[in-house]
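# Secondary and tertiary structure notes
Here's the letter readout for the chains.
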Amino acid sequence: EPTLDGCCVKYFKWNYNACMNDTIVGSGDWYVNYEDKKCVQDCASATSPPGCTYFGGLATPTETLYTDALSCCESKLAYIASGLCQANSMDMVYAGSELW
């Protein structure tokens, strides 16, 4: 492959980030973590890129990225109330609507 990215995607998709020499800092966008049932940010660390408050590690090339936690929740975790999912994703307490 002519580029490192192309080679890593084609031959090392299972360990893409290591193949890329951990040079990727992440986009700061959101992707789903099915195990924890919440959305997390695509970041190499809690400070890289800047503003990565809800660190989830680097997303793989197959992950769908979203600009905010709510969009991720609504798309990937629709079986969880969107407000609850967003609160869990952003380490907040969910109070609900207090309506029946």
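### Thoughts on the side chain of Ser89
Within the fold, Ser89 resides in helix H4 (residues 82-89). Overall, the relative accessible area of 2% leaves Ser89 in the buried class. Here Cys85 takes part through its backbone oxygen, which lies 2.8 Å from a polar atom of the side chain of Ser89. Ignoring any residue separated from it by four or fewer positions in sequence, one finds Ser89 in contact with Trp30, Lys38, Cys39, Tyr54, Ala69 and Cys73.

### Considerations on the nonpolar core
One recurring pattern in soluble globular proteins: nonpolar side chains tend to sit buried together. Judged by nonpolar contacts, Trp30, Val32, Cys39, Tyr66, Ala69, Cys72, Cys73, Leu77, Ile80 and Cys85 together constitute the single largest core of ten residues. Secondary-structure elements contributing two or more residues to this core are strand S1 (30-33) and helix H3 (69-76).

### Overview of the packing of H3 against H4
Close contact between H3 and H4 brings their axes to 9 Å; oriented N to C, the two are set at 130°. The orientation of H3 relative to H4 falls into the category oblique. The handedness of the crossing between H3 and H4 comes out as right-handed. For the pair formed by H3 and H4, the contact residues are Ala69, Leu70, Cys73 and Glu74 on the first element and Ser82, Cys85, Gln86 and Ser89 on the second. Its residues assigned to classes, the contact of H3 with H4 comprises four nonpolar, three polar and one charged.

About the cut-offs
Residues numbered from 1 in each chain as written. Predicted model: local features only at pLDDT ≥ 70, side-chain atom pairs only at ≥ 80, totals over all residues. Heavy atoms only, no water. Helix = DSSP H or I, 4+ residues; strand = E, 2+ residues; numbered from the N terminus. Buried < 20%, exposed > 50% of the residue type's maximum accessible area, 1.4 Å probe, protein only. Polar contact = N/O pair within 3.5 Å; in protein donor to acceptor, adjacent residues only side chain to side chain. Contact = heavy atoms within 4.5 Å. Core = buried A, V, L, I, M, F, W, Y, C linked by side-chain atoms within 4.5 Å. Axes fitted to C-alpha atoms, helices over the stretch in contact; angles between N-to-C directions. Parallel < 35°, antiparallel > 145°, perpendicular 65-115°, else oblique. Left-handed = near helix turned anticlockwise from the far one by under 90°. Nonpolar A, V, L, I, M, F, W, Y, C, P; charged D, E, K, R; others polar.

Interpretation note: all reported values are geometric properties and have no functional meaning in isolation.
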